[in-house]
Amino acid sequence: MKKHNFYAGPSILPQYTIDKTIEGIQDFAGTGLSVLEVSHRSKEFVDVMNEAQALFKELLDIPEGYSVLFLQGGASMQFAMIPFNLLNKKAAYLDTGAWSSKAIKEAKAFGEVDVVASSKDQGYNYIPKNYSIPEDADYFHITTNNTIAGTEIKEDLDSPVPLVADMSSDIFSRPVDVSKYAMIYGGAQKNLGPAGATFVIIKDDILGKVDRHIPTMLNYQTHIDKGSMFNTPPVLAVFSALQTLKWLKENGGVEAAQKRNIEKANLLYEEIERNKLFTPAVKNKEDRSLMNITFVMNDEYKDKEKEFLDFAAERGIVGIKGHRSVGGFRASTYNALPKESVEVLVKAMQDFEKTV
Ligand SMILES: *Cc1c(COP(=O)(O)O)cnc(C)c1O
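## Quick word on the pattern of salt bridges
Thinking step 1. Taken as a whole and judged by the stated rule, the model has 20 salt bridges.
Thinking step 2. For Glu 263, the salt bridge is made with Lys 339, and the minimal N-O distance between the two is 3.2 Å. Of this pair, Glu 263 sits in helix α7 (residues 253-274) while Lys 339 sits in helix α9 (residues 339-355), and the two are 76 residues apart along the sequence.
Thinking step 3. In this structure Glu 263 comes out as partly exposed when scored by relative accessible area, which is 40%.
Thinking step 4. Linked by salt bridges that have partners in common, Lys 129, Glu 286 and Asp 287 make up one network.

Right under this line is the structure:
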C-alpha cells in the first residue's frame, strides 16, 4: 500500500533524494567506492560540500558576507552555541513554543535573557504581537515555525538588533530575506535531509564580540575559517541534503515550493474547519503553520481519536498523531509531501465523518 508520510521529523524526503542517496552509497561520483567510505578531503566530497553551500546561497538568495555551515549536534546544540558566541550581556527571546523555551533555558547560562513576549499562557497556540525588542540586546532570537504547536511567523521581522532564527522546520518552505537575519539555523531532518546535519547561515561580521573563551568546536569562527571542514562533517547527511537542494531547484525553487505549500495547507485547514469532528488547534488564521498542521477532535467526539488514527492508518496515512505534549493530531506537510497525500487525508476525514 502507498504510504502517506506526515511525520514531523525526521520526515518525508523527495524520492529523488532517497534514490540518489542509494546510488551514492553504492557508487559515489564514479569512484567505485561508497560515499560512506571516502575521505571527506577527497576531491569528490569537497565538491559535494562546495555545491551544497553554493545551492544554499542560490536558492535562498543569500547576500555576500554570510557563510553556510553544516555542523553536528542538532538545532539543540545551537541553543547553547548561539549565546556562547553572541551573548555578551543581554539577549532578547520570543517564547513561542517548546523549542523557544529550550533555547531560552540555555541562553540563561550565559547572561541576562529578556523574554519579550510569550504565548505559553495559551499553550503556545498563537504568535505574540506588539512586543518591543530592547535596543541594547546583543541579539533577538525567534523560532519561525513552531513544529509542535503548529504556529508560524511567515514574514521576516524587522529587528533593531541582530535577528537569529531557528528555521528547523520551515527552511526552504518560502523565500526568506536573509539580509534581515544575522543567523538562521536548524536541524536538517525536517525539510532538507536525513538527521545528522545542522545547517547554519551566519553573517560573518557578527562574531568576535564576546570576551569569553569559546571551545574550538563550539566557535562559529572555526567552522567559517575552514569552510565547514574543520573536522569530519556529517558526510552522508550533507550528501543527501545536496540531493534535496538539487530537487528543489529542479522544481522551481522556494517560490514554487511556497505556492505548493500554501495549496496543501489550505486544502487541509478547509477540511478541518468544515468537518464536524475536528477543529484547528490554532484559531488565528494568520498564525497557522503551513508546515505542521495541528488539529483536535471536538469534545463530543473525543473518544473517537484512536478510531480515527486506525481508520487513517488503513489508508496508508502515517504520523498524524499529535506531539505527546499536546495530543490531538498533527499533519506535517513539508516540501516533499505531495498534494495527493493531503487529498488522501482529507478524504479519510470525510469518510470517517460519515461513520460517526
Ligand atoms: C526539531 C526541532 C528542533 C530540535 O532539533 P534537533 O536537531 O533534534 O536538536 C529545534 N527547533 C525546532 C523548531 C524543531 O522543529
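So that's the structure; there's more coming.
## Things to note about the packing of helix α2 (residues 43-59) against helix α6 (residues 235-250)
Thinking step 1. The geometry of α2 relative to α6 is characterised by a closest axis approach of 9 Å and an angle of 40° between their N-to-C directions. Classed by the angle they form, the pair α2 and α6 counts as oblique. For α2 against α6, the interelement crossing comes out left-handed. On α6, the residues that touch Phe 45, Val 48, Met 49, Glu 51, Ala 52, Leu 55, Phe 56, Glu 58 and Leu 59 of α2 are Val 235, Val 238, Phe 239, Leu 242, Leu 245, Lys 246, Leu 248 and Lys 249.
Thinking step 2. Its residues assigned to classes, the contact of α2 with α6 comprises 13 nonpolar, no polar and 4 charged.

## Remarks on the sheet that holds strand β2 (residues 66-71)
Thinking step 1. In spatial order, the strands read β2-β10-β9-β8-β5-β3-β4; together these 7 strands make up an open sheet with mixed pairing. One side of each edge strand has no neighbouring strand; the edge strands of this open sheet are β2 and β4 (112-118). The mean angle between the axes of side-by-side strands here comes to 20°, regardless of whether they run parallel or antiparallel.
Thinking step 2. Its contacts with the sheet put α2 on β2 and β10 (198-203), and the angle it makes with β2 is roughly 130°.

## Comments concerning the site of the ligand
Thinking step 1. Lining the immediate surroundings of the ligand are 13 residues, of which Ser 76, Thr 147, Asp 166, Gln 189 and Lys 190 lie closest.
Thinking step 2. The contact in question runs from an oxygen atom of the ligand to an N or O atom on the side chain of Ser 76, over 2.6 Å.
Thinking step 3. At 2.4 Å, a side-chain N or O of Thr 147 approaches an oxygen atom of the ligand.
Thinking step 4. Relative to its unbound accessible area of 390 Å², the ligand is 87% covered by the protein chains.
Thinking step 5. Sort the elements by how many residues they give to the shell around the ligand and helix α3 (residues 74-86) lands first, with 4 residues.
Thinking step 6. Of the residues contributing to the shell around the ligand, the split by class is 3 nonpolar, 8 polar and 2 charged.

## Describing the nonpolar core
Thinking step 1. Grouped together as the largest cluster of nonpolar side chains are 53 residues, with contacts concentrated most on Phe 56, Leu 60, Phe 140, Phe 172, Ile 184 and Ile 201.
Thinking step 2. Per-element tally for this core: the top contributor is α6, with 9 residues.
Thinking step 3. Not counting residues up to four positions away in its chain, the partners in contact with Phe 172 are Phe 56, Leu 59, Leu 60, Asn 191, Leu 192, Leu 245, Leu 248, Val 254, Ala 257 and Asn 335.
Thinking step 4. Counting residues in hydrophobic clusters, the runner-up holds 29 residues, among them Leu 268, Ala 336, Leu 337 and Val 342.

So, how was this worked out
Residues numbered from 1 in each chain as written. Predicted model: local features only at pLDDT ≥ 70, side-chain atom pairs only at ≥ 80, totals over all residues. Heavy atoms only, no water. Salt bridge = Lys/Arg side-chain N within 4 Å of Asp/Glu carboxyl O. Helix = DSSP H or I, 4+ residues; strand = E, 2+ residues; numbered from the N terminus. Buried < 20%, exposed > 50% of the residue type's maximum accessible area, 1.4 Å probe, protein only. Axes fitted to C-alpha atoms, helices over the stretch in contact; angles between N-to-C directions. Parallel < 35°, antiparallel > 145°, perpendicular 65-115°, else oblique. Left-handed = near helix turned anticlockwise from the far one by under 90°. Contact = heavy atoms within 4.5 Å. Nonpolar A, V, L, I, M, F, W, Y, C, P; charged D, E, K, R; others polar. Pairing = 2+ DSSP bridges. Near = heavy atom within 4 Å. Polar contact = N/O pair within 3.5 Å; in protein donor to acceptor, adjacent residues only side chain to side chain. Areas by Shrake-Rupley, 256 points an atom, 1.4 Å probe, with all protein chains shown as cover. Core = buried A, V, L, I, M, F, W, Y, C linked by side-chain atoms within 4.5 Å.

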